[in-house]
Amino acid sequence: MRIAMIGTGYVGLVSGVCFSDFGHDVVCVDKSERKIEMLQAGEVPIYEPGLDVLMAKNVSAGRLTFTTDLASAVDGADAVFIAVGTPTRRGDGHADLTYVMAAAEEIAQAITEYTVVVTKSTVPVGTNRKVHAVVSAANPKASFDVASNPEFLREGAAIDDFMRPDRVVVGVESERAAEVMAEIYRPLYLRDFPILTTDLESAEMIKYAANAFLATKITFINEIAGLCERAGGDVKEVARGIGLDGRIGNKFLHAGPGYGGSCFPKDTAALARIGQDHAHPMQITETVIRVNDEVKKRMIEKIREACDDNFNGKTVAVLGVTFKPNTDDMRDAPSLTIVPALIGGGARVRVVDPQGRAEGEALLPGVEWLDDPYAAAAEADVVVLLTEWNEFRALNLNDLAETMKSARMVDLRNIYSSALVLGSGFETYVGVGVGDH
Ligand code: UGA
């Protein structure tokens, strides 16, 4: 199969590289000359474990190329994937479809024979029909169908998620398009990964419903964590206890500082907006959005308490600022709410993050960046574990405690235990979701 991938952002690049690894011929297209030059030079513009190696392998095999020339990539392609951004539109919370529609129009001009125009970007229900209309209007002679193929990749585990998915969802409007999509995903289908072929609108809704459901699950356990802190109980035990029920499942029940990232905040906002537009308020999703903001604020209060109720004059070492480990992504990271509050209160903040500095420097003005957790903790009043990078899981706690002014730890990801930390020279350990009883 010949595939054109429009957009070399996170989803586009990972999908393009993985499709080429299936043996398809893939041309990745981006408007940014700088990005394409980088990719042509073998450099990966994002941090995603394993992506560089897989990309190099498929470039050498001649199956994967990069260009700014959309028309040449679309010409003769069996499928053209739209994987451009759908950011939250300023002001109204809607997904901004400007880039999707602009891509659809450009693709339309370049279609020469039957092709499937596939939307990979996360788009509201009804968008694929609009894409169809835009392509038809821009090129009434074009022979094409549209398809919706939402992505379920997690950053940091994207290649594995692509190669071993829980499911692939494909929404189609014709049998012919279904056949092209089945051929593209045949390597997965033959390995028994479920491919759900459905209508366009259901596929679009599945993506929002899945992300909103996961955001709800996280927020629910975060709310239980807050209650455990007041009423008693340990949220880790509670999560284990409820997670053993197969109907609930044990995943996405880690209490923490609130969800962040490029997907959950954006998609929950968009779903809430879609609900309002259809006079069917998504009350649960709206509440989740509000509670998630409160969770982040609750974390600030935890740190304040560990600073003797006053940030002023305190030194806080923050370990991890990306929204989760194994990514350099800072979008909607809880750190963007928490760290400015510490600085605003007069704290001196030292940050260590294995990948977050490049993006983080502009987003977190006033912090001091260091490479080493022990150096960050030296003479600090409190160390805050904010992102659970593996590098922070096996710290020598005695060494860490020794360098600190007062050895206090606020562990917002529950990666340590109170017994371990207090037994290693710390005077205080504060986790998430543990009552004093
Ligand atoms: C998420 C979904 O997991 C993917 O299936 C989906 O494809 C993707 O969004 C998307 O729409 O493109 P991602 O945002 O990369 O993926 O990261 P997650 O691993 O889902 O984590 C999201 C946030 O939830 C992070 O801030 C993480 O720290 C938090 N989280 C996750 C928790 O606080 N607790 C958990 O138990 C799990």
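Keep in mind that this is a model prediction, so the values were computed, not measured. (Residues numbered from 1 in each chain as written. Predicted model: local features only at pLDDT ≥ 70, side-chain atom pairs only at ≥ 80, totals over all residues.)

**A few points about helix 3 (residues 51-60)**
To be explicit about the condition: Exposure in this text rests on C-beta crowding, where 20 or more other C-beta atoms within 10 Å of a residue's own make it buried, 12 or fewer make it exposed, and counts in between make it partly exposed. The C-beta atoms are placed from the backbone. Where helices and strands are cited, they refer to DSSP runs of H or I of at least four residues and of E of at least two residues respectively, numbered from the N terminus. When we speak of the arc, we mean the arc of directions from the helix axis to the C-beta atoms. A pair of residues counts as a contact when their C-beta atoms, built from backbone coordinates, are within 7 Å of each other.
Within helix 3 the residues assigned to the buried category are Leu-54, Met-55 and Asn-58. Along the long axis of helix 3, the arc covered by the buried residues comes to 100 degrees, so they all point the same way. The exposed set on the far side of helix 3, more than 90 degrees from its buried face, consists of Val-53 and Ser-60. Those residues of helix 3 that are buried are in contact with helix 1 (10-21), strand 3 (64-67) and helix 7 (158-163). Once helix 3 finishes, Gly-62 follows within two positions and takes phi at roughly 80 degrees, a positive value.

**Digging into the domain arrangement of the chain**
Quite often, the size of an interface is put as the accessible area lost when its parts meet. Note the cut-off: For each domain, the first and last residues come from an automatic or database assignment. Classes in brief: Ala, Val, Leu, Ile, Met, Phe, Trp, Tyr, Cys and Pro nonpolar; Asp, Glu, Lys and Arg charged; the others, Gly included, polar.
Taken domain by domain, the chain comprises domain 1 (2-193) and domain 2 (199-437). Computed over C-alpha atoms only, the centres of domain 1 and domain 2 are separated by 32 Å. In this assembly, 25 residues from domain 1 lie in contact with 25 residues from domain 2. Every element with two or more residues in the side of domain 1 that touches domain 2 is listed here: helix 6 (127-138) and strand 7 (168-172). In terms of residue class, the side of domain 1 that touches domain 2 is built from 11 nonpolar, 10 polar and four charged.

**Quick notes on unusual backbone geometry**
Despite not being glycine, Phe-252 shows a phi value in the positive range, around 60 degrees. Residue position: Phe-252 is located in the loop between helix 11 (235-243) and helix 12 (264-277). Of note, the phi angle at Asn-326 is positive, near 60 degrees, even though the residue is not glycine. Note that Asn-326 resides in the loop between strand 9 (315-319) and helix 14 (335-344). Asn-326 gets classed as buried once you count the C-beta atoms within 10 Å, which come to 20.

**Quick word on the nonpolar core**
Test applied: As used here, a nonpolar core is made of buried Ala, Val, Leu, Ile, Met, Phe, Trp, Tyr and Cys residues. They are joined through C-beta atoms within 7 Å.
Among the nonpolar cores identified, the biggest contains 132 residues, and Ala-4, Ile-6, Ile-107, Val-117 and Val-384 are the most heavily contacted of them. Among the elements that line this core, the one with the most residues is helix 10 (residues 200-231), at 10 residues. Those residues in contact with Ile-107 that lie beyond four places of it in its chain are Ile-6, Val-74, Val-80, Val-117 and Val-135.

**Things to note about the pairing of strand 13 (residues 408-411)**
The line we're drawing: Pairing between two strands requires that DSSP report at least two bridges joining them. A right-handed crossover is one whose linking path, passing over the helix from the first strand to the second, runs clockwise when the strands point away from the viewer.
Of the two faces of strand 13, both are covered, the one formed by Arg-408 and Val-410 as well as the one formed by Met-409 and Asp-411. Bridge count for strand 12 (residues 382-385) against strand 13 is three bridges, and the pairing is parallel. Its bridge partner being in strand 13, Leu-385 is matched across the sheet by Asp-411. Between the parallel pair strand 12 and strand 13, the chain is carried across by helix 17 (residues 397-403), and the sense of this crossover is right-handed. Strand direction decides the pairing type here: strand 13 and strand 14 (residues 428-430), joined by three bridges, are parallel. For Val-410, the partnering residue across the bridge sits in strand 14 and is Val-430.

**Re the sheet that holds strand 4 (residues 79-82)**
As a reminder, the rule being used: Fitting a line to C-alpha atoms yields each axis, with helices limited to the stretch in contact; the angle taken between N-to-C directions then spans 0 to 180 degrees.
With respect to topology, eight strands assemble into an open sheet ordered 3-2-1-4-5-6-7-8, the strand pairing being mixed. On the outer flanks of this sheet lie strand 3 and strand 8 (195-199), each paired with one strand and no other. Along the sheet, successive strands turn relative to each other by an average axial angle of 25 degrees, direction set aside. Against the sheet, helix 10 contacts strand 6 (144-148), strand 7 and strand 8, and its axis sits at roughly 145 degrees relative to strand 7.

**Comments concerning the packing of helix 12 against helix 13 (residues 283-306)**
The following threshold applies: By definition in this entry, angles of less than 35 degrees are roughly parallel, angles greater than 145 are roughly antiparallel, angles of 65 to 115 are roughly perpendicular, and the rest are oblique. What makes a crossing left-handed is the near helix being turned counterclockwise from the far one by less than a right angle; a clockwise turn instead makes it right-handed.
Interhelical geometry of helix 12 versus helix 13 gives an angle of 140 degrees and a closest axis separation of 9 Å. Of the possible angle classes, the one that applies to helix 12 and helix 13 is oblique. The two elements helix 12 and helix 13 meet at a crossing, and its hand is left-handed. Mapping the contact onto sequence places Thr-268, Ala-269, Leu-271 and Ala-272 in helix 12 and Thr-285, Glu-286, Val-288 and Ile-289 in helix 13. Considered class by class, the residues forming the contact of helix 12 with helix 13 number five nonpolar, two polar and one charged.

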